[in-house]
Structure formats: structure tokens, C-alpha cells
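# Observations on the model geometry
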Amino acid sequence: MRAFVVKELTHPSNISVTDNVTEPTAGPEHVLVDVYSAGLNFFDILQSQGKYQNKPPLPFILGAEFAGKISQDSPIPKGCNLKRGQRVFGSAQGCYADKVAVPHWNVIPLPDNISFDQGAGLFITWPTSYEALVGRAELKKGEWVLVTAAAGGVGIAAVQIAKALGANVIAAAGSQAKIDIAKRVGGADHGVNYSVPGWQKEVLALTSGKGVNVIYDPVGLINDSLKCIAWKGRALVIGFAAGTIEKIPMNLVLLKNVAILGLHWGAYTQKEPERVPTVWKDILDLFASGRVKPVIYDTVYKLENLVDGLTALERRETWGKTIIRVKDEQEKARL
């Protein structure tokens, strides 16, 4: 079996694909999945260096998101409705490989109108954006939403979800090219470049001086964005892609009468498991309606070229979800 094995903690650029890796074995609650495509995440770069919160024992296989088929030799745990040969997507450590063992509750049937490439980037990105906007911010039709890093994986999902919910969306990014992508592919109404000093004035002008009702921030730009938040606005803390964990002046929270809301989707399985299937039902209903669709970067890498994809991701050259194709058998999406 081919796999991207981390044998010692180092940057992914120092690792290459290994061809003779032992295939995974399934535990009592696991299924085996033949991986067709896998999604790249910034935290993969951190994890291979031991800098991420999830630290598997060495050696381990990198990768956390996949799409593929239930293996013909997979056991089917009691109470599991999955079937051998079924198209699925999900999440498990070690999916930068030909095959991965996955807890069956982390596997979801892949809709017929979504390809393996598109499905490979769904499991982390889409519920993060959906639950943030719907479950935490309680976004309402007609409200204004500012999405930072709007052309990125979670950002472009947030743009689409907000539009589907009837919001007015301002896409914020660090270049005009990425703003254009967020508008053209994601459907954002407006765009601002947050690398230009005073960009908040443009947001205020777009909102007739009132500011945005909701800020969706996976970058670490809450402090800057609070300069253009509306009265009773909600600021969603999604992540810190810029590398700095902000310290927020609490007097601004008080004076502007705003709420700072965190979102840790990965903890829902333990803290609020009953919410998870509801979120996924709503997301899959949105896909079925055609109002949103998974967006993948226009260069799809092969497993052997994984490092090239991670490097492009690290350099912020990509947009949407960056994907590697593990198997060549692909099915055309009907979205």
C-alpha cells in the first residue's frame, strides 16, 4: 500500500510517499475505505512537525479528510448501515494512503451529485462554516456578513452558506484575485482587500455606516474587523491562520454591545453529539437543492505530489479546497 508516512517529526517537504506500507486493520467499530481523493488542510503541515494539538505516536500516516468507497474486504460493524462498495466521505487519521480504517460514525454516504474530489473536502470545512453561521451566530435573512479569507476552504463555504440563507456577503481577502474568486465562485456580493489600510471604511460604506451583523474569521482578524461591526453584532472566532492568537480589548465588546462566539466543531462529537446529524442533514439538503456546491482548487494533485499541494497551501496560493487524487477512477459531478 502507498502512504505518506511521518517517521520523524519534520516539515512535509522532507517526506515522500512510501510504497510498501502495511494495510490498516479494522477495529470492532471501524470500516475500511479505499481512498479515491483526500483533502489537504493547513494543520497537516503542523501535525507532521509535532506542532498540532492532535499528536499521533510515530510513525503515523498524515491526512484527515477523504472520499472513496467502502472496501470489499471491510467488516461492517453491528448497527452500521454502510455497505461494501458504497461511495462515502469522512474523516480519519491516515487518509493520505490507498486505504484507511475509519470509525463508522465518521463516515457519511457521498451524494450521487458530488464527485470524489469534491467530497474529499467536505467533512471538516462545511459543518464548521454551517454551525458557525447557523448554530452560533443565528444568521438571519437580510443581515450583513463579513467573511475573512473568503476564498479559502472554510471561507468560500461560509460565503455560499450565508448567501443561501439570504444574507448580504462581503468577501474579505488579501488580494484582488482572491476577492474575484470569492465573488465569481462563491457568489459574494462585495469584496474588500484587508491588506489595504483602512479597509474597514469600505465595509462601513457598503453597509450605510451601520457595519456588519456577523463576522466570520478563520484568520485572526477579529480586532481589525471590530472596527466595522454593527451594534449587537456577532464575531465568530474560527481559527488563527495568520499564526497569532489575538487578545481582544474587552472595552470594545462592551461599547459596541457585541458578542464574541467561538466554534470548535471537532468537539461536537463529545460535547453535543445530537447536533451533528442535524447539521449534516441541513448541509446535504443544501447540496441537493443546488444552492451551494463544494469548491475545489483548479489544480488537483496526485498522492505522489502531495508535498506540492501542501506547499501551495502553505504559501496561500490556493483557493477553495485543495485536493489530492489517490485513485484515477473518478465520477463526474452533476452539480
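Residues numbered from 1 in each chain as written. Predicted model: local features only at pLDDT ≥ 70, side-chain atom pairs only at ≥ 80, totals over all residues. Heavy atoms only, no water.

When helices and strands are tallied, the protein chain shows 11 helices and 15 strands. In terms of overall size, the protein chain behaves like a compact globule, its C-alpha atoms giving a radius of gyration of 20 Å where 335 residues would be expected to give roughly 20 Å. Dimensions of the protein chain along its principal axes, counting C-alpha atoms only, are 60 × 40 × 35 Å. Pairs at least 24 apart in sequence give 68% of the contacts found in the protein chain among residues at least 6 apart. Accessible area for the protein chain stands at about 15,000 Å²; split by element, carbon and sulfur atoms hold 52% of it. Charge-centre separation for the protein chain: the mean point of 37 positive side chains lies 6 Å from the mean point of 32 negative side chains. (Helix = DSSP H or I, 4+ residues; strand = E, 2+ residues; numbered from the N terminus. Rg over C-alpha atoms; globule rule 2.2 N^0.38 Å. Contact = heavy atoms within 4.5 Å. Areas by Shrake-Rupley, 256 points an atom, 1.4 Å probe, with all protein chains shown as cover. Lys, Arg positive; Asp, Glu negative; His and termini not counted. Charge placed at Lys NZ, Arg CZ, Asp CG, Glu CD.)

Looking now at the confidence of the model for the protein chain. With 98% of its residues at a pLDDT of 70 or more, the protein chain shows a mean pLDDT of 94. Of the regions scoring below 50 in pLDDT, residues 331-335 engages in 16 contacts with residues more than four places distant in sequence or in other chains. (pLDDT = per-residue confidence, 0-100.)

What follows concerns the packing of aromatic side chains. Going through the model one piece at a time under the given rule, you end up with eight aromatic pairs. Relative to tyrosine 52, the ring of phenylalanine 43 lies with its centre 4.9 Å away and its plane at 10°, an arrangement referred to as stacked. Taking relative accessible area as the criterion, phenylalanine 43 reaches 18% and is therefore assigned buried. Relative to tryptophan 280, the ring of phenylalanine 89 lies with its centre 5.3 Å away and its plane at 65°, an arrangement referred to as edge-to-face. Of this pair, phenylalanine 89 sits in strand β5 (residues 87-91) while tryptophan 280 sits in helix α10 (residues 275-289), and the two are 191 residues apart along the sequence. Note on accessibility: phenylalanine 89 and tryptophan 280 belong to one class, buried. (Phe/Tyr/Trp six-rings, centres within 6.5 Å; stacked < 30°, edge-to-face > 60°. Buried < 20%, exposed > 50% of the residue type's maximum accessible area, 1.4 Å probe, protein only.)

Once that is clear, we can look at helix α5 (residues 176-184). Of all the residues in α5, the buried ones are Ile179, Ile181 and Ala182. Buried residues of α5, viewed axially, fall in a sector of 160°; they line one side. (Arc of directions from axis to C-beta.)

Before going further, it helps to spend a moment on the nonpolar core. Judged by nonpolar contacts, the single largest core of 46 residues is most densely connected at Leu133, Leu236 and Trp280. Elements represented by at least two residues in this core include exactly α3 (125-136), β8 (144-148), α4 (153-164), β9 (168-173), β11 (212-217) and α10. Setting aside anything within four residues of it in sequence, one finds leucine 236 in contact with Ala132, Leu133, Arg136, Ala137, Val214, Ile215, Tyr216, Asp217, Ile222 and Leu261. One finds Val295, Tyr301, Leu303 and Leu310 within the second-largest nonpolar core, a separate group that totals 38 residues. (Core = buried A, V, L, I, M, F, W, Y, C linked by side-chain atoms within 4.5 Å.)

All right, on to the pattern of salt bridges then. Following the criterion strictly, the structure yields 11 salt bridges and no others. The shortest N-O distance in the salt bridge between lysine 163 and aspartate 189 comes to 2.9 Å. One end of the pair, lysine 163, is in helix α4; the other, aspartate 189, is in the loop between α5 and β10 (190-193), and 26 residues separate them in sequence. Classification of lysine 163 as partly exposed rests on a relative accessible area of 30%. Of the charged contacts, one joins lysine 281 and aspartate 285 as a salt bridge, the two residues approaching to 2.9 Å between their closest N and O atoms. Taken together, the positions of lysine 281 and aspartate 285, both in helix α10 and four residues apart, correspond to about one turn of that helix. With relative accessibility at 52%, the residue lysine 281 sits in the exposed group. Here the salt bridges do not stand alone but share partners, grouping Arg2, Asp98, Glu304 and Lys327 into one network. (Salt bridge = Lys/Arg side-chain N within 4 Å of Asp/Glu carboxyl O.)

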